[in-house]
Amino acid sequence: MPSDQALLSRRRTIEISGLVSRGIGLVCTALYAAGVGAMSAGQLESSGMRAASWVAVAVMLCCNLVAVRNLRRPGSRWYELRSAVQVALDATVICGFVVIAEGQTRETAWPLMALAVVIAAVRQRLPGAVLVWALTSAVFVAAFPHSPDVPFVLGINVMVAVITGTQSSSLVRHLRTLQETRAALQHQATHDGLTGLPNRAHLAGCADRLSGRPLGVLLLDLNGFKLVNDTHGHAAGDVLLHRVGDRLTTAMREITPPDGETPVVGRLGGDEFLVLLPGAGPGTVAAACERIREAVPIPVDLGDGVRVTVGVSIGVALRPAGGEATLETLTAEADAAMYREKHSRRKAA
């Protein structure tokens, strides 16, 4: 399901233009079937155009109902299928009108087949345009094999298919490239480049969405990380941070707060990590701390037979339901708690 607004906007525009243009055709065809205009009711009945026109009105009405559904849900996984249905119905109406008009009224109507090709190009890009060109051309040749217009029908409409189809395909590729680029930039702006974990900005956004709800905040600091950096180099330290980030993410998957929302593990910078526990109370926080203390000290293999071990200090802050403490306030509380724990450990040593 597409999430990019540019692609969804294009789909809505296609549906609106289809509704408007098809609505105009529907009204004109209904007036034609009613004998309003150049054709009288008697001529319509004798030529068989009246019944065909009313059938076309019914088909266009059904097609517009499908278009309304697509307009309301442009991101649906059924969008492409419903779009293809519209292409098929539009091509059927146009082919039927051309065959009857050319065969019974001797009017030159084959240029209308280019409209079916353009509709397919807009909705289904080059493959759709070529397929509709082939089908409409086959219908015309089968109905009028000896018509002098056959070369024009084949030649002109294939040019229309190629030109409009390639342009439509190019536009869709361009929109997809923009979507991928935008997603990549968004990820870079909200995630840590080393560990791939959410960064401070992402964590702040998550906390904002949890305003007024219970929230547990764990601030983590790795004990012994500086020694690893000084002894084995910053590259080794980066490997260690990445492994610890993976372990924290895995450990928090086993923690399910009462409201069922997934914990969020992020990196603030250096060897500091932050864990958000939505809906958590003291019991959930205690379980999360226990899992972290089990996961982090497991030795990390840095390669070439080098294995290192670090510990972890954890500061905890809790916000009850209805509390107004911001993430900044909770982080400060957790930071103070973490340094109290470090101080206690030093005194005990």
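Labelled according to an unreviewed UniProt entry, the protein appears under the name GGDEF domain-containing protein, originating from Actinoplanes hulinensis.

A. Quick peek at the overall build of the protein. A tally of regular secondary structure across the protein gives 11 helices and six strands. Radius of gyration (C-alpha) of the protein: 33 Å, far over the 20 Å computed for a compact globule of 349 residues. Evaluated residue by residue, the protein yields a buried proportion of 43% over its 349 residues. Taking the contacts inside the protein whose residues are at least 6 apart along the sequence as the reference set, 69% of them involve residues at least 24 apart. If you average the places of the 33 positive and of the 29 negative side-chain charges in the protein, the two averages end up 4 Å apart.

B. View of the sheet that holds strand β3 (residues 272–278). Overall, antiparallel pairing links the four strands, which are arranged β2-β3-β1-β6 in an open sheet. Strands at the two margins of the open sheet, each flanked by one partner only, are β2 (264–269) and β6 (311–319). Along the sheet, successive strands turn relative to each other by an average axial angle of 20 degrees, direction set aside. Judged from the seven bridges that link them, strand β1 (residues 215–223) and β3 form a sheet pairing that is antiparallel. Looking at the pairing, leucine 215 lines up with proline 278 of β3. Of the strands in this sheet, β1, β2 and β3 touch helix α9 (residues 234–253), which is tilted by about 15 degrees from β3. This element, helix α10 (residues 282–295), spans β1, β3 and β6 of the sheet and lies at about 165 degrees to β6.

C. Looking closely at the environment of leucine 327. The topology assignment puts leucine 327 in helix α11 (residues 327–348). Looking at leucine 327, the relative accessible area reads 14%, which means it is buried. In this structure, the C-alpha to C-alpha distance between leucine 327 and alanine 204, residues 123 residues apart in sequence, is 6.7 Å. Filtering out sequence-adjacent residues up to four positions away, leucine 327 remains in contact with Leu203, Ala204, Ala207, Val217, Leu274 and Leu276.

D. Examining the UniProt feature "transmembrane region" (unreviewed entry) in the protein more closely. The sites that carry the UniProt feature "transmembrane region" (unreviewed entry) are, in the present numbering, residues 20–39, 51–71, 129–146 and 152–172. Between the C-alpha atoms that bound residues 51–71 there is a distance of 30 Å. The span itself is 100% helix and 0% strand. Between the first and last C-alpha atoms of residues 152–172 the distance is 30 Å; the span itself is 100% helix and 0% strand.

E. Region of interest: the nonpolar core. Core analysis: the largest hydrophobic core is formed by 29 residues, its most contacted members being Leu218, Leu220, Met252, Leu277 and Ile292. Where this core is concerned, the elements lending two or more residues are β1, α8 (225–232), α9, β3, α10 and β6. No other element matches α9, which puts six residues into this core.

F. Quick peek at unusual backbone geometry. Although it is not a glycine, arginine 125 adopts a positive phi angle of roughly 60 degrees. Residue placement: arginine 125 occurs in helix α5 (residues 113–143).

G. Representation of the pairing of β1. Counted residue by residue, β1 has eight buried out of nine residues, so it is predominantly covered. Bridge count between β1 and β6: nine bridges; the pairing is antiparallel. Paired with leucine 218 across the strands is valine 316, a residue of β6.

H. Structural detail: the packing of α8 against α9. Where α8 meets α9, the axes come as close as 6 Å, and the angle between the chain directions of the two elements is 140 degrees. By the angle between their axes, α8 is oblique relative to α9. Counted together, Phe225, Val228, Asn229 and His232 of α8 and His234, Ala236, Gly237, Leu240 and Leu241 of α9 form the full contact between these two elements. A class-by-class count of the residues in the contact of α8 with α9 yields five nonpolar, four polar and no charged.

Rules of the game
- Once a new chain begins, its residue numbering starts again from 1 and follows that chain's sequence as written.
- The predicted origin of the model limits local features to residues at a pLDDT of at least 70 and limits the giving and counting of side-chain atom pairs to 80 or more, whereas totals for whole chains, interfaces and linings rest on all residues.
- Side-chain metrics rest on all non-hydrogen atoms present in the structure, leaving aside hydrogens and water.
- Starting at the N terminus, helices and strands are each numbered in turn, a helix being any DSSP run of H or I of at least four residues and a strand any DSSP run of E of at least two.
- Here the globule rule is a power law, 2.2 Å times the number of residues to the power 0.38, and the radius of gyration is based on C-alpha atoms.
- The buried label goes to any residue with under 20% of its type's maximum accessible area, the exposed label to any with over 50%, and the partly exposed label to all in between, with areas taken from a 1.4 Å probe on protein chains only.
- Should any heavy atoms of two residues lie within 4.5 Å, those residues are counted as being in contact.
- We treat Lys and Arg as the positive residues and Asp and Glu as the negative residues; His and chain ends play no part in the count.
- The atom standing in for a charge is NZ when the residue is Lys, CZ when it is Arg, CG when it is Asp and CD when it is Glu.
- In this analysis, strands are considered paired if DSSP registers two or more bridges between them.
- Orientation is described by axes fitted as lines to C-alpha atoms, over the contacting stretch for helices, and by angles from 0 to 180 degrees between their N-to-C directions.
- UniProt positions are given in the numbering used here, feature names are shortened, and annotations may be inferred rather than shown by experiment.
- The criterion is simple. A nonpolar core is a set of buried Ala, Val, Leu, Ile, Met, Phe, Trp, Tyr and Cys residues joined through side-chain atoms within 4.5 Å.
- When describing relative orientation, an angle under 35 degrees is termed roughly parallel and one over 145 degrees roughly antiparallel, while 65 to 115 degrees is termed roughly perpendicular and anything else oblique.
- Residues are grouped as follows: Ala, Val, Leu, Ile, Met, Phe, Trp, Tyr, Cys and Pro are nonpolar; Asp, Glu, Lys and Arg are charged; all remaining types, including Gly, are polar.

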